Amino acid sequence: MKRYIIAFVAIAATLMLATGCGPKEKIDEQFVAIENYIQTQNTAGIYYDGVVEYAYDKADGQCYLSPSELTFRIMNNTAKKYFEVTLSAAPVVGELVDVDTKSKGVGLSSKTSYKGMKVTKIENGLCYLAGGADADYVGIIIAWVE
């Protein structure tokens, strides 16, 4: 009888761990916030903390995309302001990509790298990326065609 009780307890403990009764993964509130925010946007650009840092302006801008080079750029017509994104791999929804950025005249660092940005969605010719670390969370929307 004692063996049956020990076996029952062991099986119950195994089932509890297998069904998620163990420790829960911590939710990163800042990541969720930037991911949700960029989902509401429909213009290519870079977004920090619910603010548009720089976005494509059809009236005074140009947009460049090279899927073969994994590069996207937006700039104003005088080329005094630009923001360029280079991906480490072609984006796939739910996957992570490394992102290198270059910019001029838009109030950002001239070069920044973001490791492991999540591709949150690709639709209507746009690719949505969210990620960052510590207090540096960013959303980036680029033009993308597959």
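Relevant structure appears above.
Computed from a prediction, not measured in an experiment: that's the story for all the values here.

**Student:** Describe the side chain of Asn 76, and please don't skip the residues or the numbers.
**Tutor:** Tracing the backbone shows Asn 76 in strand β4 (residues 71-76). Here Lys 80 takes part through its backbone nitrogen, which lies 3.0 Å from a polar atom of the side chain of Asn 76. What Asn 76 contacts, discounting residues up to four positions off in sequence, is Tyr 54, Asp 60, Gly 61, Gln 62 and Lys 81.

**Student:** Which residues make up the pattern of salt bridges, and what values go with them?
**Tutor:** Any two side chains of opposite charge can pair, on the condition that their charged atoms come close. In this structure the tally under the stated criterion is three salt bridges. Note that Lys 118 is salt-bridged to Glu 35, the shortest N-O span being 3.7 Å. One end of the pair, Lys 118, is in strand β7 (residues 111-123); the other, Glu 35, is in helix α2 (residues 29-39), and 83 residues separate them in sequence. For Glu 35, a relative accessible area of 16% puts it in the buried group.

Scoring rules and cut-offs
Residues numbered from 1 in each chain as written. Predicted model: local features only at pLDDT ≥ 70, side-chain atom pairs only at ≥ 80, totals over all residues. Heavy atoms only, no water. Helix = DSSP H or I, 4+ residues; strand = E, 2+ residues; numbered from the N terminus. Polar contact = N/O pair within 3.5 Å; in protein donor to acceptor, adjacent residues only side chain to side chain. Contact = heavy atoms within 4.5 Å. Salt bridge = Lys/Arg side-chain N within 4 Å of Asp/Glu carboxyl O. Buried < 20%, exposed > 50% of the residue type's maximum accessible area, 1.4 Å probe, protein only.

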